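So you can see what is in the structure, the chains are spelled out below.
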Amino acid sequence: MNEKQMMELEPDKTPLILIVDDIPKNLQLLGTTLRDEGYKIAALNDPLQVLSSVRNLKPDLILLDVMMPEKDGFEVCKELKGDPDLAEIPVIFLTAKAEQENINFGLELGGADYVTKPFNSSELLARVETHVSLKMAKDQLRKQNNQLEDLIATRDRLYAVIGHDLRGPLNGITGLTRILLEDFEKSEPDPKIGKFISMIHQSSKDVWMLLSDLLNWARMQSGELMVQKEEVSSVKLINNVLELMEYQLTKKDMNINLKYEQEHPIFVDERYIATILRNILSNAIKFSEPGADIDISLQEGEAAYTIAVTDYGIGMDEETIDSLFSSKFHPRNKNEINKNGSGFGLMLSHQLAKIHNCKLEVVSKLGEGTTITLTIPVPSPEDAKTLKHAKAHY
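Note that the coordinates shown come from a computational prediction; the quantities given were computed from them, not determined experimentally.

Focus on the side chain of His356
Logical step 1: Secondary-structure assignment places His356 in the loop between helix H12 (344-355) and strand S12 (359-365).
Logical step 2: In this structure His356 comes out as buried when scored by relative accessible area, which is 2%.
Logical step 3: Polar contacts involving the side chain of His356 include one to the main-chain carbonyl oxygen of Leu352, which spans 3.0 Å.
Logical step 4: Here His356 is in contact with Val227, Lys229, Val268, Asp269, Tyr272 and Ile273, once residues within four sequence places are set aside.

Considerations on the environment of Lys251
Logical step 1: Locating Lys251 in the fold gives a position in helix H9 (residues 246-251).
Logical step 2: Separated by 39 residues in the primary sequence, Lys251 and Pro290 have C-alpha atoms spaced 8.4 Å apart.

Structural notes on the pattern of salt bridges
Logical step 1: Following the criterion strictly, the structure yields 14 salt bridges and no others.
Logical step 2: Its salt-bridge partner being Asp83, residue Arg55 comes within 3.1 Å of it at the nearest N-O pair. Remark: Asp83 occurs in the loop between helix H4 (73-81) and strand S4 (91-95) and Arg55 occurs in helix H3 (residues 50-57); sequence separation between them is 28 residues.
Logical step 3: Between Arg127 and Asp113 there is a salt bridge; the shortest N-O distance is 2.7 Å. Placement of the pair is Arg127 in helix H6 (residues 121-186) and Asp113 in strand S5 (residues 113-116), with a sequence separation of 14 residues.
Logical step 4: Judged by relative accessible area, which is 24%, Arg127 ranks as partly exposed.
Logical step 5: Through salt bridges with shared partners, a single network forms among Asp60, Glu88, Lys135, Asp139 and Arg142.

Quick look at the sheet that holds strand S1 (residues 16-20)
Logical step 1: Strand order across the open sheet formed by 5 strands is S2-S1-S3-S4-S5, with parallel pairing between neighbours. Pairing within the sheet leaves two strands with one partner each, and these edge strands are strand S2 (40-44) and S5. Across the sheet, the mean angle separating the axes of adjacent strands is 20 degrees when strand polarity is ignored.
Logical step 2: Bridging between S1 and strand S3 (residues 61-65) involves 4 bridges; their strand directions are parallel. When the bridges of S3 are listed, Ile19 appears paired with Leu63.
Logical step 3: On the sheet, H3 packs against S1, S2 and S3 and is oriented at approximately 170 degrees with respect to S1.
Logical step 4: The strands that H4 touches are S3 and S4; relative to S4, the one it contacts most, it runs at about 175 degrees.

Parameters and conventions
- Residues numbered from 1 in each chain as written.
- Predicted model: local features only at pLDDT ≥ 70, side-chain atom pairs only at ≥ 80, totals over all residues.
- Heavy atoms only, no water.
- Helix = DSSP H or I, 4+ residues; strand = E, 2+ residues; numbered from the N terminus.
- Buried < 20%, exposed > 50% of the residue type's maximum accessible area, 1.4 Å probe, protein only.
- Polar contact = N/O pair within 3.5 Å; in protein donor to acceptor, adjacent residues only side chain to side chain.
- Contact = heavy atoms within 4.5 Å.
- Salt bridge = Lys/Arg side-chain N within 4 Å of Asp/Glu carboxyl O.
- Pairing = 2+ DSSP bridges.
- Axes fitted to C-alpha atoms, helices over the stretch in contact; angles between N-to-C directions.

This is the structure we're talking about:
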């Protein structure tokens, strides 16, 4: 093993090999062969001292003679593999016994490999390099796993802070500004004050909604999102979402046209479907001209219920549509109407739709607007009864 190969295994780490053999000449020959290849060497001729020496030295590989007095190599290997702190250290047997039965016995005890005596230097070095590389790669992977566990623990603590410590103050701000708005309507102060209070109130709601979206995304990534489906009025759900979007709609003087022939119930988790519709509407408002209309149409088919949101804004090209729901790339529109936007809302909506067995479809053309359709499966009467009380874990 040359210096470059060792650096690739682990920076600043020269592998240590422990040689165990009761014959001094074998120790000398093996030590010289391996030292010339750049390995650090420790030698031991007493099998009774192997366990304590390995605990102290923590070698990267053990070359273990089989035929030794008082305790043979098989017994020593069994003791090593029985110690959880030492079991991962690979053992290569050095043996004059080339019978398959003896070889199998050594491998069953946990030996990684064997080399027959008299050994061929090239073969020995090739086997040593293979198992040292595997050992050090496993050590590196174990280290990275530990670091990953620490990162996950840190992430979970961060989520706890976001979910608990930030929600309280935001709730307080939203509640206080709502009270201020109610009091403002009963008095006759400077109109600018009312406008500023409204802006603060809306900003706190916006931050609250973004916080909720981020926490939902985090729960999905960790597999902790719980979905509880129940019967929900589609029209009521949409009207609730429109109420949340009132400030944005008023600010751009936009009009919503809600179109449906008959109100139908849908079986969904209202919280998350509302999040999907809120993000779709937010996107429609963002990329539409002031004073424009947005159409929301509800239709029920035999197998599915659809909610389509259509704007008449700047639209998208095919490349943007194809990347719209990707977690790796978030499109940004260069149009002056809205240069900013991470695309996070639609990406989250796509994932929330999937865990509901729903589907989001986008039809758009540059300069002509966009239609995003949410398709919700219609459950059978039997499934509908079950869904009212069932909880699904994702």
